[in-house]
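Structural description and commentary
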There are 2 protein chains.
Amino acid sequence: MALRATLDFLLRDWLQVQSLSERPRFAEHSLEGYAAVLDSCERIAAEQFAPANRACDAEEPRFDGERVILPASTKQALDAYIASGMLAASQDEAQGGLQLPCVIETAANAFFQKASVGISGYALLTVGNANLLLAHGSERQRAVFAQPQLQGRWFGTMCLSEPQAGSSLSDIQTRAVPDGEGFELDPLGPRYRLHGHKMWISAGEHELSENIVHLVLAKIPDAQGRLVPGARGISLFIVPKHGVDAEGRLDGQRNAVALAGLNHKLGFRGTSNCLLNFGEGGAGAIGYLVGQPGEGLRCMFHMMNEARIGVGLAATMLGYAGFEASLAYARQRPQGRSLGLGGKDAAQPQQLIIEHADVKRMLLAQKSYVEGALALELFCARLVDEQKTGAPEAAAEAAQLLEVLIPIAKSWPSEWCLEANSLAIQVLGGAGYTRDFPVEQYWRDNRLNMIHEGTHGIHGLDLLGRKVVLNGGQALRVLVARINRTVEAALQRPALAAQANQLAAALAQLGRASKAAWATGEPEVALANATPYLQAFGHGVLAWLWLDVTLALDDAAVSSDFAQGKRAAAAYFYRYELPKIGAWLAVVESREPLCREMQDGWF
Amino acid sequence: MALRATLDFLLRDWLQVQSLSERPRFAEHSLEGYAAVLDSCERIAAEQFAPANRACDAEEPRFDGERVILPASTKQALDAYIASGMLAASQDEAQGGLQLPCVIETAANAFFQKASVGISGYALLTVGNANLLLAHGSERQRAVFAQPQLQGRWFGTMCLSEPQAGSSLSDIQTRAVPDGEGFELDPLGPRYRLHGHKMWISAGEHELSENIVHLVLAKIPDAQGRLVPGARGISLFIVPKHGVDAEGRLDGQRNAVALAGLNHKLGFRGTSNCLLNFGEGGAGAIGYLVGQPGEGLRCMFHMMNEARIGVGLAATMLGYAGFEASLAYARQRPQGRSLGLGGKDAAQPQQLIIEHADVKRMLLAQKSYVEGALALELFCARLVDEQKTGAPEAAAEAAQLLEVLIPIAKSWPSEWCLEANSLAIQVLGGAGYTRDFPVEQYWRDNRLNMIHEGTHGIHGLDLLGRKVVLNGGQALRVLVARINRTVEAALQRPALAAQANQLAAALAQLGRASKAAWATGEPEVALANATPYLQAFGHGVLAWLWLDVTLALDDAAVSSDFAQGKRAAAAYFYRYELPKIGAWLAVVESREPLCREMQDGWF
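Keep in mind that this is a model prediction, so the values were computed, not measured.

**As for the overall build of chain A**
- Looking only at helices and strands, chain A features 20 helices and twelve strands.
- A globule of 603 residues ought to have a C-alpha radius of gyration of about 25 Å, and chain A, at 25 Å, matches this closely.
- Counting only C-alpha atoms, chain A reaches 90 × 60 × 55 Å along its principal axes.
- The buried share of chain A, taken over its 603 residues, is 61%.
- Counted over contacts in chain A with a minimum sequence separation of 6, partners at least 24 positions apart contribute 74%.
- Total accessible area on chain A is roughly 21,000 Å²; 52% of this is exposed by carbon and sulfur atoms.
- Here chain A contributes 54 positively and 64 negatively charged side chains, and the mean placements of these two sets differ by 3 Å.

As structure tokens, then:
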């Protein structure tokens, strides 16, 4: 129940989600109602997802020549998810949704991500797909393609990457040409024929749902048949696996979307991952334009913040799962004895390993990473709510904060909750290295998160190259002001003053490095150390959040185990982790040219 | 050929192995002879080991009810290893050995470890087993049990851990009782009957060799049938899988050593790993005492330095393999464009990813980790030679250096070459996460090395708790003196003076922390941060070695690609890595009590 207690505390005492009920959209909700949602999700995750998690790894997706085969327990778990109504968690009640705040939806999904990140993948992609259509699709597209996904009858994908274009989306070569005379009059939207290959498509093929709605980025050639270079040539299309009529009924035609191959992955095997061929050797796959031509990337990235919170949450909950498993092991495994002044007395019984300082160090590090990352994801989800339903000034501030925090929300847990998973293996020792325990799977699963939804390096470039300098540094100033509010509040508490001062110093150091990086104005120079900058910025943000979380601990329960644990995790972060930023920022501040000046031949 | 060029440079220009020919034991050898050994091993590794490495992972060891099944290519590769004569690399020529220095044997084995760490496991365990018998066995034991291993007819294991006793060997419960009247008169050694369970036994069962020689730690009960608590009750036994007569012929009897189960591992699957039952339900497994009763651990750990160099080398070469694979990928994969002042020009062709600063950072980090670790392992192997064949004073100094360096030689590559493997995955991006490329396997394989042959935490305790304080700190003083020689030499070179000063400062910082840790004299207090100490000590040692290696670069070839690469890797280590010790040493120096004071209930 440790996760639930922490979620309740973060939601109620720290983020004060009860205050959302003052807003019209959430007026019908209450803390009790939120608790009921969390109760239900926690139960379904434990009963349906967790028991299926090893099978979805051991029996990885395979193609039998006709169909992609998944374990039966995957379908059973997803059916339970559908029945929970969580696919429409954020939709209007009038349309059958739960009309939940993003922060509650995120907290509820944490249980599923912890229980089985691979199985959760299908559901979360489907929600993302439907939400994108609700935001950018025509009324008919919303009714035909989004509604069946919110009901769980159809599932969705996002088709961005191609074999030759991953991080560099502007280089995609999938072509979409108008489908004959009157193509623009199709009730489902302007009808195109698509030809191309899409790589790394999660949930790209399976038999879990009646249909699969692919959202596909492609380029519409100009009159000379040329593709426009760069991102402005990219449009967005709905490409259903099975053809549908104007009323959304399957028309019995298989669209020209073919599985070209399954990727055999290190982990995250619960979610099938595919190379898809669109329109190979024929007239092309039928696709319906969403929004305007050339607006594809803008539409796709409209939901980017929530998608990246989703990846950050996945990384976080994999870390959490490993923390739970290694804590349970450490509490029951006897090994070794304490180091007294007279050495160890072999005649005494062995201790539990949780009594060894180094094991406690590994558990405390995990706690500080995973609970800190959970606070980060919930904070960002709460900002999404603020952006959507807050007063104008607060909404604008939330939007600014999200600009600079989203790269951290995606990248920080991907790196440090992976490290948490490695520590979980280490706590178990040899046992952790076997498939008899779940921790090795968490570690493999989590290694994906630094790669997809923007690689670590790309997020570093996004943060230092775009977000930090956006509007003359406005977003960064908003963040600094917000952090300073925490520093000032903490300075009022004698027990927190030292951390407050340490945080203020770290913030000053980050500020100096940000300025120094851009002192010459040359992107190549500034961004050569964007990844160490990302790491330092992330540690700074996490230190701030830990201090802010600590401020929310109930004074009346100051010596409770719960409060002591939170304070110890915060203290761990300040004493063992925050000092690491010195090494990372030194190279940023000096604009260390070593890496960019390195020559191929010298390797 | 990058590895070979680096090996040649480290052996000849840095470690000056040619000078070993001045010693009687190596008088017949020359640089040309060593080169021929390396040529041969490089070729066999590339032709027989590398192609078999994926199969030994994909077709992990399985038990068909009678036998443990391995891929045929594993046996074929090991046959080639046997034919190379490397099993007897260090043995006297008079007895059919190659009489090679340890440093050359280590360099030659690097090729096999890089090509397939899992397959190499069988060979290296066999060498270790035979060497231990040659050192501690009777003449008959050497002839009967060591010789067939040096010839590759029999393979060997080390049976230390038990299900309830891994890091805490003093708690083993395997019992050995005298095998009836006249047990002490058996020509193969005092004959005992063993009962017990041994866990995590690498190469514990297979069909690769005619027989398996298990070296087993067990306790001889006292007259009341009680086991003596602690390490002093432990003895060492030879327990062959198949019984042998006094002449070493198989006697047709299967000894009571039974496979109780194969461990299904995250990686390192090329080497079978077993739970073995000794003497279950019967009269006991026949075992022959090696050395004196109660001397088991001492005998087993006699070869400890070489075993730990072997593990460190395995970690290093897995890192090296990932470095090679990711470098090759980065040189052929186009993606993205450079960041000019005017932004990116999408109309230009894509760049190779090796041209991106962040990719170069990831490659340079790998280079600095894996080449630095290789220098460390070769340096330690060279010290083993010095200890065995040097003049008395030099031999004594080498022994002291090995005391403090061996924990680093084992632990540092296990941590940082694993990080190198993660960076290799990151360079490949999505491709690196699939089993279509080898880097994910290297990462999985390497995760074992922080666990076996003493966990990371155990090596931290060994370093700070024993080695650093040994004989009043004598070993540490010898190391500091040796490092200061490097500092002084580097101060003579203007280009290296900054690194020399940085190293001297790091050394002073390490010295202060070592003293501060033990200021109260209480082990619990000093050792609460033994792992951060181990990390900082390791980074200090690697920085020293990189500076020392740089000093050996040929002045005449100062601007060669080779020299530029070595200098860049050293510079990377000084600018990006060495500054990390500040954060690690801060908690050591302040005797940070957070982890040891953490309470179970607070998690």
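**A closer look at helix H7 (residues 139-150) of chain A**
Residue and element names in this part refer to chain A.
- Listed in full, the buried residues belonging to H7 are Gln141, Val144, Phe145, Ala146, Pro148, Gln149 and Leu150.
- At its buried positions, H7 is contacted by helix H6 (117-136), strand E3 (154-159), strand E6 (211-219), strand E7 (234-240), strand E8 (242-244) and strand E12 (285-290).
- Phi turns positive one or two residues past the end of H7, at Gly152, with a value near 80°.

**Thoughts on the relation of the copies chain A and chain B**
- Superposing chain A onto chain B takes a rotation of 180° plus a shift of 0.0 Å along the axis, which leaves an RMSD of 0.0 Å. Given the turn and translation reported, the copies of this chain are related as if by a two-fold rotation axis. For chain A, the minimum C-alpha distance to the rotation axis belongs to Lys580(A) and amounts to 3.2 Å.
- Here 100% of the interface residues in chain A have copies in chain B that are interface residues too; the copies meet face to matching face.

**Re the domain arrangement of chain A**
Residues and elements named next belong to chain A.
- Each assigned domain of chain A is listed here: domain 1 (2-150), domain 2 (156-292), domain 3 (303-339 + 347-454) and domain 4 (455-603).
- On a C-alpha basis, the centres of domain 1 and domain 4 stand 31 Å from each other.
- Contacts between the two partners involve six residues from domain 1, matched on the other side by seven residues from domain 4.
- The contact between domain 1 and domain 4 buries some 560 Å² in all, and 78% of this surface belongs to carbon and sulfur atoms.
- Considering only the surface of domain 1 that becomes buried against domain 4, Thr6, Phe9 and Trp14 emerge as the three largest contributors, covering 81% of it.
- Applying the counting rule to domain 1 against domain 4 returns zero salt bridges.
- In this assembly, domain 1 and domain 4 are joined by two residue pairs in polar contact (both at pLDDT 80 or more).
- Along the lines of polarity and charge, the residues of the side of domain 1 that touches domain 4 split into four nonpolar, one polar and one charged.

**Comments concerning the packing of helix H11 (residues 392-428) of chain A against helix H17 (residues 530-551) of chain A**
Residues and elements named next belong to chain A.
- Where H11 contacts H17, the axes come no closer than 9 Å and their chain directions differ by 95°. Relative to H17, H11 is oriented roughly perpendicular. Here Val404, Leu405, Pro407, Ile408, Ser411, Trp412, Glu415 and Trp416 of H11 lie close against H17, whose contacting residues are Leu534, Gln535, Phe537, Gly538, His539, Val541, Leu542 and Trp544.
- Looking at side-chain class alone, the contact of H11 with H17 contains eleven nonpolar, four polar and one charged residues.

**So, the interface of chain A and chain B**
- Each partner contributes to the interface: chain A provides 94 residues, whereas chain B provides 94 residues.
- Both faces combined, the contact of chain A with chain B buries some 8,100 Å², and carbon together with sulfur accounts for 60% of it.
- At the boundary of chain A and chain B, one finds eight salt bridges.
- In this structure, Arg331(A) engages Asp600(B) in a salt bridge whose closest nitrogen and oxygen atoms are separated by 2.6 Å.
- Here chain A and chain B share 51 residue pairs in polar contact (both at pLDDT 80 or more) between them.
- Its residues placed into classes, the side of chain A that touches chain B shows 41 nonpolar, 28 polar and 25 charged.

**Let's talk about the packing of aromatic side chains**
Residues and elements named next belong to chain A.
- For the structure shown, the criterion picks out 39 aromatic pairs over all chains.
- With 5.6 Å between their ring centres and 90° between their planes, Tyr329 and Phe437 make a pair best called edge-to-face. Placement of the pair is Tyr329 in helix H9 (residues 304-330) and Phe437 in the loop between H11 and helix H12 (439-446), with a sequence separation of 108 residues.
- The exposure class assigned to Tyr329 is buried, which follows from its relative accessible area of 10%.
- Residue Phe437 is classed as partly exposed on the basis of its relative accessible area, which comes to 30%.
- Ring pairs connect the aromatic residues Tyr369, Trp412, Trp416, Phe573 and Trp584, which therefore count as one cluster.
- Lying over the aromatic face of Phe301, Arg308 brings its terminal NZ or CZ to 5.8 Å of the ring centre.

**Some points on the environment of Asn273(B)**
Residue and element names in this part refer to chain B.
- With respect to the secondary-structure elements, Asn273 resides in strand E11 (residues 273-278).
- Placed 227 residues apart in sequence, Asn273 and Ala46 show a C-alpha to C-alpha distance of 25 Å.
- Contact partners of Asn273, with chain neighbours within four places excluded, come to Trp200, Ile201, Ser202, Gly261, Leu262, Asn263 and Lys265.
- In this structure the side chain of Asn273 is engaged in a polar contact, spanning 3.4 Å, whose partner is the backbone oxygen of Trp200.
- A distance of 3.3 Å separates the side chain of Asn273 from the side chain of Ser202, its partner in a polar contact.

**Here we look at the UniProt feature "domain: Acyl-CoA dehydrogenase/oxidase C-terminal" (unreviewed entry) in chain A**
- This chain's UniProt record puts "domain: Acyl-CoA dehydrogenase/oxidase C-terminal" (unreviewed entry) on residues 347-460 of chain A.
- The distance separating the terminal C-alpha atoms of residues 347-460 of chain A is 54 Å; by composition the span is 73% helix and 0% strand.

**Details of the pattern of salt bridges**
- Under the definition given, this model contains 88 salt bridges over all chains.
- Across the pair Asp57(A) and Arg54(A) runs a salt bridge, and its minimum N-O distance is 3.5 Å. In this pair, Asp57(A) and Arg54(A) both sit in helix H3 (residues 53-58), three residues apart, roughly one turn of the helix.
- A residue is classified by how much of its surface remains accessible, and Asp57(A), at 4% relative accessible area, is buried.
- Among the charged side chains, a salt-bridge network with shared partners connects Arg54(A), Asp57(A), Glu60(A), Arg269(A), Glu440(A), Arg444(A) and Arg435(B).

**Topic: helix H12 (residues 439-446) of chain B**
- Of all the eight residues making up H12(B), eight are buried; the element is thus mostly covered by neighbouring parts of the structure.
- What H12(B) keeps buried is the set Val439(B), Glu440(B), Gln441(B), Tyr442(B), Trp443(B), Arg444(B), Asp445(B) and Asn446(B).
- Against H11 and H12 of chain A together with helix H3 (53-58), helix H6 (117-136), helix H9 (304-330) and helix H11 (392-428) of chain B lie the buried residues of H12(B).

**Observations concerning the side chain of Arg482(B)**
Residue and element names in this part refer to chain B.
- On the secondary structure map, Arg482 appears in helix H14 (residues 474-491).
- Assessed through its relative accessible area of 14%, Arg482 is described here as buried.
- What Arg482 contacts, discounting residues up to four positions off in sequence, is Phe379, Glu397, Leu401, Trp544 and Asp548.

**Notes on the nonpolar core**
- Core analysis: the biggest nonpolar cluster contains 356 residues, and Phe537(A) and Phe537(B) have the highest contact counts within it.
- Setting aside anything within four residues of it in sequence, one finds Phe537(B) in contact with Val404(B), Ile408(B), Leu463(B), Val468(B), Leu476(B), Leu479(B) and Leu510(B).

**Observations concerning the confidence of the model for chain A**
- In this model, chain A carries an average pLDDT of 96, and 99% of its residues clear a pLDDT of 70 or more.
- Here the predicted complex scores 0.98 on pTM and 0.98 on ipTM.

**Quick notes on the packing of helix H4 (residues 72-84) of chain A against H6(A)**
Residues and elements named next belong to chain A.
- Two numbers describe how H4 lies on H6: the axes approach to 10 Å, and their chain directions differ by 45°. Taken as axis vectors, H4 and H6 run oblique relative to one another. In this structure, H4 meets H6 at a crossing whose hand is right-handed. Residue-level contacts link Thr74, Ala77, Leu78 and Tyr81 of H4 to Ile119, Tyr122, Ala123 and Leu124 of H6.

**Concerning unusual backbone geometry**
- Phi at Arg591(A) takes a positive value of approximately 50°, unusual for a residue other than glycine.
- Take Arg591(A): it is sitting in the loop between helix H19 (581-589) and helix H20 (594-597).
- A positive phi angle, close to 55°, is found at Gln99(B), a residue other than glycine.
- Here Gln99(B) lies in the loop between helix H4 (72-84) and helix H5 (102-115).

Rules used in this analysis
Residues numbered from 1 in each chain as written. Chains lettered and ligands numbered in written order. Predicted model: local features only at pLDDT ≥ 70, side-chain atom pairs only at ≥ 80, totals over all residues. Heavy atoms only, no water. Helix = DSSP H or I, 4+ residues; strand = E, 2+ residues; numbered from the N terminus. Rg over C-alpha atoms; globule rule 2.2 N^0.38 Å. Buried < 20%, exposed > 50% of the residue type's maximum accessible area, 1.4 Å probe, protein only. Contact = heavy atoms within 4.5 Å. Areas by Shrake-Rupley, 256 points an atom, 1.4 Å probe, with all protein chains shown as cover. Lys, Arg positive; Asp, Glu negative; His and termini not counted. Charge placed at Lys NZ, Arg CZ, Asp CG, Glu CD. Least-squares fit on C-alpha atoms with pLDDT ≥ 70 in both. Domains from an automatic or database assignment. Buried area = accessible area lost by both parts, 1.4 Å probe. Salt bridge = Lys/Arg side-chain N within 4 Å of Asp/Glu carboxyl O. Polar contact = N/O pair within 3.5 Å; in protein donor to acceptor, adjacent residues only side chain to side chain. Nonpolar A, V, L, I, M, F, W, Y, C, P; charged D, E, K, R; others polar. Axes fitted to C-alpha atoms, helices over the stretch in contact; angles between N-to-C directions. Parallel < 35°, antiparallel > 145°, perpendicular 65-115°, else oblique. Phe/Tyr/Trp six-rings, centres within 6.5 Å; stacked < 30°, edge-to-face > 60°. Lys NZ or Arg CZ within 6 Å of the ring centre and 35° of its normal. UniProt positions renumbered as here; feature names shortened; annotations may be inferred. Core = buried A, V, L, I, M, F, W, Y, C linked by side-chain atoms within 4.5 Å. pLDDT = per-residue confidence, 0-100. Left-handed = near helix turned anticlockwise from the far one by under 90°.

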